[in-house]
Amino acid sequence: MEQRTCNIIMCCKGHCRLEGATGDPFGDIAAYMSQECGCEKEIYQGKLLENILRTALFDYMNSANNPGYELRQLLQNYALWEPSLSERICTMFALVNVRDDNGYVNGFTQELLDKSEQILQRGKL
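All of the points below concern the structure found in this document. Nothing here was measured: the structure is a model prediction, and the numbers come from that model. (Residues numbered from 1 in each chain as written. Predicted model: local features only at pLDDT ≥ 70, side-chain atom pairs only at ≥ 80, totals over all residues. Heavy atoms only, no water.)

## A short note on the nonpolar core
Grouped burial of nonpolar side chains is what soluble globular proteins tend to show.
Stage number 1. Among the nonpolar cores identified, the biggest contains 33 residues, and Ile29, Tyr60, Phe93 and Phe108 are the most heavily contacted of them.
Stage number 2. Put simply, the parts of the chain that give this core at least two residues each are α1 (3-12), α2 (25-37), α3 (46-63), α5 (85-95) and α6 (110-122).
Stage number 3. A per-element tally of this core places α3 first, with 7 residues.
Stage number 4. Excluding residues within four positions of it along the chain, Tyr60 makes contact with Met1, Thr5, Ile9, Glu70, Met92, Phe93, Val96, Asn106 and Phe108. (Core = buried A, V, L, I, M, F, W, Y, C linked by side-chain atoms within 4.5 Å. Buried < 20%, exposed > 50% of the residue type's maximum accessible area, 1.4 Å probe, protein only. Helix = DSSP H or I, 4+ residues; strand = E, 2+ residues; numbered from the N terminus. Contact = heavy atoms within 4.5 Å.)

## Side note on the packing of α3 against α5
Stage number 1. Axis separation between α3 and α5 bottoms out at 10 Å; the angle between their running directions is 40°. Considering the angle they form, α3 stands oblique to α5. Seen along the crossing, α3 lies across α5 with a hand that is left-handed. Mapping the contact onto sequence places Glu50, Leu53, Arg54, Ala56, Leu57, Tyr60 and Met61 in α3 and Leu85, Ser86, Ile89, Cys90, Met92 and Phe93 in α5.
Stage number 2. Looking at the contact of α3 with α5, its residues break down into 10 nonpolar, 1 polar and 2 charged. (Axes fitted to C-alpha atoms, helices over the stretch in contact; angles between N-to-C directions. Parallel < 35°, antiparallel > 145°, perpendicular 65-115°, else oblique. Left-handed = near helix turned anticlockwise from the far one by under 90°. Nonpolar A, V, L, I, M, F, W, Y, C, P; charged D, E, K, R; others polar.)

## Focus: the environment of Asn51
Stage number 1. For Asn51, the position within the fold is in helix α3.
Stage number 2. Here the alpha-carbon distance between Asn51 and Ser86, two residues 35 residues apart in the chain, equals 8.7 Å.

## Regarding the pattern of salt bridges
Stage number 1. Counting across every chain of the model gives 4 salt bridges.
Stage number 2. Taking the shortest distance from any N to any O, the salt bridge between Glu36 and Arg4 comes out at 4.0 Å. In this pair, Glu36 sits in helix α2 while Arg4 sits in helix α1, placing the two residues 32 residues apart along the sequence.
Stage number 3. The partly exposed category is assigned to Glu36, whose relative accessible area is 21%.
Stage number 4. Using a relative accessible area of 35% as the deciding quantity, one classes Arg4 as partly exposed. (Salt bridge = Lys/Arg side-chain N within 4 Å of Asp/Glu carboxyl O.)

Written out as structure tokens, the structure reads:
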């Protein structure tokens, strides 16, 4: 798994404390990408944000222990509303397992998580 994918997943899990973070996945990913790429936070919305999330999704699926289960989570039916693809990806990322009883899973490592914490708490190193 790439570091950026790990960071985006951690944003979806509520771990972003960067300046401009809003506490919701879209705002936190925008704050992270703004800091990472040196662009204004406001550009990270709509199709650009969806493309970033889709790229992270492809990378995550390549390292997932059970991609079929993750795909079912992504494509499940909702009874009362139909979320966008971006909303679905963020929800799936918020729920992914990082560890189980045997250690790290789904491509996560201690190194990825340590670096993600440093980036999302203090800014780019």
